[in-house]
Amino acid sequence: MILRGRQLLMTALGGLLAFGVGTAISTHPANAAKTTIVNVALKPTNEADLTNYVYDTVDPTSAQFHQYLTPEEFADKFGQSDSAVQLFKDYLKRYHVQTQAYPGNLSLKLTATTTNMQKAFKAKAVKKDGKTTTAYQLPGQLSTKVVAVIGLYPKQSAANNKTKKTTKKATTHKHSATLSADLSTTDKPDTRLVGNAFSKKYGAAKFANAYHLNTLYNQRLQGQGQRIGIINTSDVRDSDLVTYWHQAGVNDDLNRVQHIYPVDSKAQAQKAMNVAIQASQMEATLDAQSASSVAPQAGIDLYSGDVSGTRTSLPSSHYATFMTAISGNRDQQLTSSMAPGFEVAAAWDDPSATVRQYSHAFNLILEQAAAQGITVFQASGDRGPYAQSSAKENHLMSTSPYQVLVGGTTLPYQKIIANKVVTVTKERAWGDTYSSPAADTKYSSFSGGGGGFSALNPTPRYQQGISGVNTFRAINYLTFKNGKYQLTKHPRVIFGTGHSRNLPDVAGNADRQTGYASYVSGQRYSINAKTHKAVKVTAKLWGVDGGTSFTTPQMAAANAVINSGRRTSVGFWNPQIYRFAQESDSPFNVLDDADNNDNLYYTGQPGKLYNQATGLGTINFEKLNSKFSDEG
């Protein structure tokens, strides 16, 4: 899922439609408060030293191995001084701007009316080549300490959004049950199944069985003593969690769930959720259900970056929500299926920080997370290399090397789809151009795990020298024509090279055809066939869906299970897992097949450890836990 403008857009189109949402209602009120949240990303005292420290925390030969810092220790070692922070506070106070330093002194959270915020920064709208940017000024002694100012909208572009109704045309495919009653032809879970039977078919047990997490469960490791932080833009109904937990036979103690509101108030976030079932609520709910069921004894912290009652931009909200979680240091694993935009300058929505400035600022706060021993997981997207509709490869923000980017796979299955039998004989990269091509072509709704090459981040040191990194094999299954993707009549094999951060890092089941169940309730709008007006009804929706939005929180939960048996957290995964992948008894199942194994473009490369469809491959968590344990 991706955030853009004031609307939440789905990268996996089938996600909303499997639940039959149909109509989306914008929750940004017509008379929104004029308060805004702006973030000032600060320079670390020594960025090179910070990066080296991050790598040293997961290097067993280093004296800093697992020597994680508290936010206060991070501030002393790498953050701006308290006196420097005070200079910002003193200056901004003159303009009635409230300034809060996030613990760690790596960024500031500013709260004020839009008018006072603009005055403090002397903000002006600058239009060039049809695009508006924000020019601002700070006193020299302050400006030299700034990496980016995020969310500073000039007055001219302040939102005045009225509540809008937008209708989405259903693109779910009609299934036929005429071939065999043995094959699944539905997108709804069988709720007659309960407990472990339901979980094996639609939930945590399915994930655990596929990726060898059961051995850790048998050792009574279930995430106890751990907390999982989930970054989202909506609140979640506790009753929806309890309904799902009862169905799946999961620990239903609501005391393990905490709701945190980094931007908007609790009242406003819940008010926005109560307007109608939104994609953002569905995303937040499935993330919480996925993580809490894979790690049934772990605490869950739900960070809701709702902005509906403020003038806060989505990039600013995304940054503030992550920074709240990281600097709060409650959770040793964070997961997000959200992004504030694309790695494309022309499509970037924040006029005060360029896409490169934002990427730099985001990398820095993820380095703080790594220095504190926090593992961060991020969904890679559900449209292969094509997060945005264009002929050029593009990806969701952020492709930071300091997080685990999670790609998608398809588990073996056989189903009747569009009146034909579709068979996948073994786990493969998720890239679906075969299950229902006629309908997919019509709606350009092809789905696959995100992967390819970052437009912003260079190849990190842990990927350098790994076979398959910065080389690729691909097949141009899709052609961009007349504003959408269509099946290529005569696809060809393409070989090439890259020179940046390769993604994803790992992969897991994300295909809707082999997906997971989720439950959400609330108000729903549908269009009356006679009056053509929106009618509001109460809905309680079960659905089976897919996307890296499911497997990413599952990965974070598996990490919590591993951490529950350790004295110190495993920390920054990536340097470690790329090292493990080169060792004997690797914990990864490499999906290196060249044929029938793509994410809509990139394929496996036989004999290579890495490919841009599934990264290092799927994980055997029993072996991964042993690898982490062997290092201490």
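Position labels on residues start from 1 in each chain and follow its written sequence. In view of the model being predicted, local features appear only for residues whose pLDDT reaches at least 70, and side-chain atom pairs are presented and counted only at 80 or more, with totals across whole chains, interfaces and linings using the full set of residues. The side-chain numbers reported here are obtained from all heavy atoms of the structure, hydrogens and water having been left aside.

1. Examining the overall build of the protein
Step number 1: Only DSSP runs of H or I with at least four residues qualify as helices, and only runs of E with at least two residues qualify as strands; both kinds are numbered from the N terminus onward. A count of helical and extended segments in the protein gives 18 helices and 32 strands.
Step number 2: For every residue, the accessible area (1.4 Å probe, protein chains only) is compared with the maximum for its type, and the residue is labelled buried under 20%, exposed over 50%, or partly exposed between those bounds. By the burial criterion, 62% of the 632 residues in the protein qualify as buried.
Step number 3: Note on contacts: a residue pair is in contact if any heavy atoms of the two residues lie within 4.5 Å. The long-range share in the protein, meaning contacts at least 24 apart out of those at least 6 apart in sequence, stands at 79%.
Step number 4: Throughout, the Shrake-Rupley method with a 1.4 Å probe supplies accessible areas, and for residues the shown protein chains are the sole cover considered. Split by element, the accessible area of the protein, about 23,800 Å² in all, is 48% carbon and sulfur.

2. Considerations on the confidence of the model for the protein
Step number 1: Confidence of the prediction at every residue is given by pLDDT, a number between 0 and 100. A residue-level look at the protein finds 90% of positions with pLDDT of 70 or above and a mean pLDDT of 89.
Step number 2: With pLDDT under 50 throughout, residues 1-33 is counted as low confidence; its partners more than four residues away or in other chains account for 133 contacts.

3. Let's talk about the side chain of N457
Step number 1: By the secondary structure assignment, N457 is in the loop between strand 22 (452-453) and strand 23 (471-475).
Step number 2: Setting aside anything within four residues of it in sequence, one finds N457 in contact with E343, S359, N363, T399, S400, P401, S500 and R501.

4. Considerations on the pattern of salt bridges
Step number 1: Salt bridge, as applied in this entry: a Lys or Arg side-chain nitrogen positioned within 4 Å of an Asp or Glu carboxyl oxygen. Tallied over the full model, the rule gives eleven salt bridges.
Step number 2: A salt bridge links R227 to D301; the nearest nitrogen and oxygen atoms lie 2.9 Å apart. Here the residue R227 occupies a position in strand 11 (residues 227-232), and D301 occupies one in strand 13 (residues 299-304), the gap between them amounting to 74 residues.
Step number 3: A residue is classified by how much of its surface remains accessible, and D301, at 0% relative accessible area, is buried.
Step number 4: Each of R227, D301 and R330 takes part in salt bridges that share partners, so that together they form one network.

5. Some details on unusual backbone geometry
Step number 1: The omega torsion of the bond from M397 to S398 falls at 15 degrees, within 30 degrees of zero and hence cis.
Step number 2: Within the fold, S398 resides in the loop between strand 15 (375-379) and strand 16 (404-410).
Step number 3: Cis geometry is found at the peptide bond from L503 to P504, where omega equals 5 degrees.
Step number 4: With respect to the helices and strands, P504 occurs in the loop between strand 27 (502-503) and strand 28 (506-509).

6. Things to note about a negative patch on the surface
Step number 1: Here, patches come from residues exposed beyond 30% relative accessible area and free of salt bridges, joined within 9 Å for like charges and within 5 Å for nonpolar side chains (Val, Leu, Ile, Met, Phe, Trp, Tyr). Counted as positive: Lys and Arg. Counted as negative: Asp and Glu, with His and the chain ends omitted from the count. We put the charge of a Lys on NZ, of an Arg on CZ, of an Asp on CG and of a Glu on CD. Residues E72, E73, D76 and D82 make up a contiguous surface patch of negative charge.
Step number 2: A per-element tally of the negative patch places helix 3 (residues 71-77) first, with three residues.
Step number 3: Mapped onto the elements of the fold, E72 is located in helix 3.

7. Notes on the pairing of strand 16
Step number 1: Across the seven residues that make up strand 16, a large majority, seven, are buried.
Step number 2: Residues of strand 16 alternate between two faces, with V404, V406, G408 and T410 on one and L405, G407 and T409 on the opposite face, all of them buried.
Step number 3: Two strands pair if DSSP finds at least two bridges between them. With three bridges joining them, strand 15 and strand 16 adopt parallel strand pairing. Residue pairing across strands places Q378 opposite L405, the latter belonging to strand 16.
Step number 4: Bridge count between strand 16 and strand 28: four bridges; the pairing is parallel. Bridge assignment links G408 to a residue of strand 28, and that residue is G508.
Step number 5: The pairing of strand 16 with strand 19 (residues 428-429) spans two bridges and is classified as antiparallel. Its bridge partner being in strand 19, T410 is matched across the sheet by R428.

8. Let's talk about the nonpolar core
Side chains of a nonpolar character, in soluble globular proteins, are inclined to be buried together.
Step number 1: L213, I228, Y319, W573, F621 and L624 are the most contacted members of the largest nonpolar core, which has 110 residues in total.
Step number 2: For this core, the element with the highest residue contribution is helix 14 (residues 355-371), accounting for ten residues.
Step number 3: In this structure, W573 is in contact with T375, F377, V404, N559, I619, F621, L624 and F628, ignoring residues within four places of it in sequence. What we call a nonpolar core is a set of buried Ala, Val, Leu, Ile, Met, Phe, Trp, Tyr and Cys residues that are connected through their side-chain atoms within 4.5 Å.

9. What about the packing of aromatic side chains?
Step number 1: Stacked, tilted and edge-to-face are the three classes assigned to paired rings of Phe, Tyr and Trp, where Trp is represented by its six-membered ring and a pair needs centres within 6.5 Å; plane angles under 30 degrees give stacked, over 60 edge-to-face, the rest tilted. Scanning the model with the defined rule gives 31 aromatic pairs in all.
Step number 2: When the centroid spacing of 6.4 Å and the interplanar angle of 45 degrees are considered together, the rings of F472 and Y601 count as tilted. Highlighted residues: F472 in strand 23 and Y601 in the loop between strand 31 (588-589) and strand 32 (618-619), separated in sequence by 129 residues. Each member of the pair, F472 together with Y601, is buried.
Step number 3: Any Lys NZ or Arg CZ that is within 6 Å of a ring centre and within 35 degrees of that ring's normal is treated as a charge sitting over the ring. A cation over an aromatic ring shows up here: R461 above the ring of Y55, its NZ or CZ 4.0 Å from the ring centre.

10. Digging into the sheet that holds strand 9 (residues 146-150)
Step number 1: Strand order in the open sheet formed by four strands is 5-6-4-9, with antiparallel pairing between adjacent strands. If you trace the sheet from one side to the other, it starts and ends with strand 5 (98-101) and strand 9, each paired once. On average, each strand axis in the sheet is tilted by 20 degrees relative to the strand beside it, whichever way the strands run.
Step number 2: Strand direction decides the pairing type here: strand 4 (residues 35-42) and strand 6 (residues 107-113), joined by seven bridges, are antiparallel. When the bridges of strand 6 are listed, T35 appears paired with T113. In this analysis, axes come from line fits to C-alpha atoms, helices being fitted only over the stretch in contact, and the angle between any two N-to-C directions falls in the range 0 to 180 degrees.

11. A short note on the packing of helix 10 (residues 238-248) against helix 12 (residues 279-294)
Step number 1: Look at helix 10 against helix 12: their axes get within 10 Å of each other, and the N-to-C directions meet at 45 degrees. Taken together, the axes of helix 10 and helix 12 are oblique relative to one another. Seen from above, helix 10 lies across helix 12 with right-handed handedness. Residues D240, L241, Y244 and W245 of helix 10 form the contact with helix 12, whose own contacting residues are Q281, T285, A288, Q289, S292 and S293.
Step number 2: Side-chain classes follow a simple rule in which Ala, Val, Leu, Ile, Met, Phe, Trp, Tyr, Cys and Pro form the nonpolar group, Asp, Glu, Lys and Arg form the charged group, and the remainder, Gly included, forms the polar group. Residues of the contact of helix 10 with helix 12, tallied by class, amount to four nonpolar, five polar and one charged. Note that the term roughly parallel is reserved for angles under 35 degrees, roughly antiparallel for angles over 145, roughly perpendicular for angles of 65 to 115, and oblique for everything else. Helix crossings fall into two classes, left-handed where the near helix is turned counterclockwise from the far one by less than a right angle and right-handed where it is turned clockwise.

12. With respect to the pairing of strand 24 (residues 478-481)
Step number 1: Both strand 24 and strand 25 (residues 484-487) contribute to a ladder of four bridges, which runs antiparallel. Across the sheet, the residue bridging to T479 is Q486, located in strand 25.

13. So, helix 4 (residues 82-93)
Step number 1: Here a helix's expected span is defined as the number of its residues, less one, multiplied by 1.5 Å. Taking 1.5 Å of rise per residue, the twelve residues of helix 4 would be expected to cover 16 Å, and the 16 Å separating its terminal C-alpha atoms lies within 8% of that figure.
Step number 2: Inspection of helix 4 places A84, V85, F88, Y91 and L92 among the buried residues, and these make up the whole buried set. Seen from one end, helix 4 has its buried residues packed into an arc of 125 degrees, which puts them on one side. In helix 4, the exposed positions angled more than 90 degrees off the buried face are occupied by D82, S83 and K93.
Step number 3: For helix 4, the secondary structure elements touched by its buried residues are strand 4, strand 5, strand 6, helix 5 (114-121), helix 6 (140-143) and strand 9. The arc in question is formed by the directions pointing from the helix axis toward the C-beta atoms.

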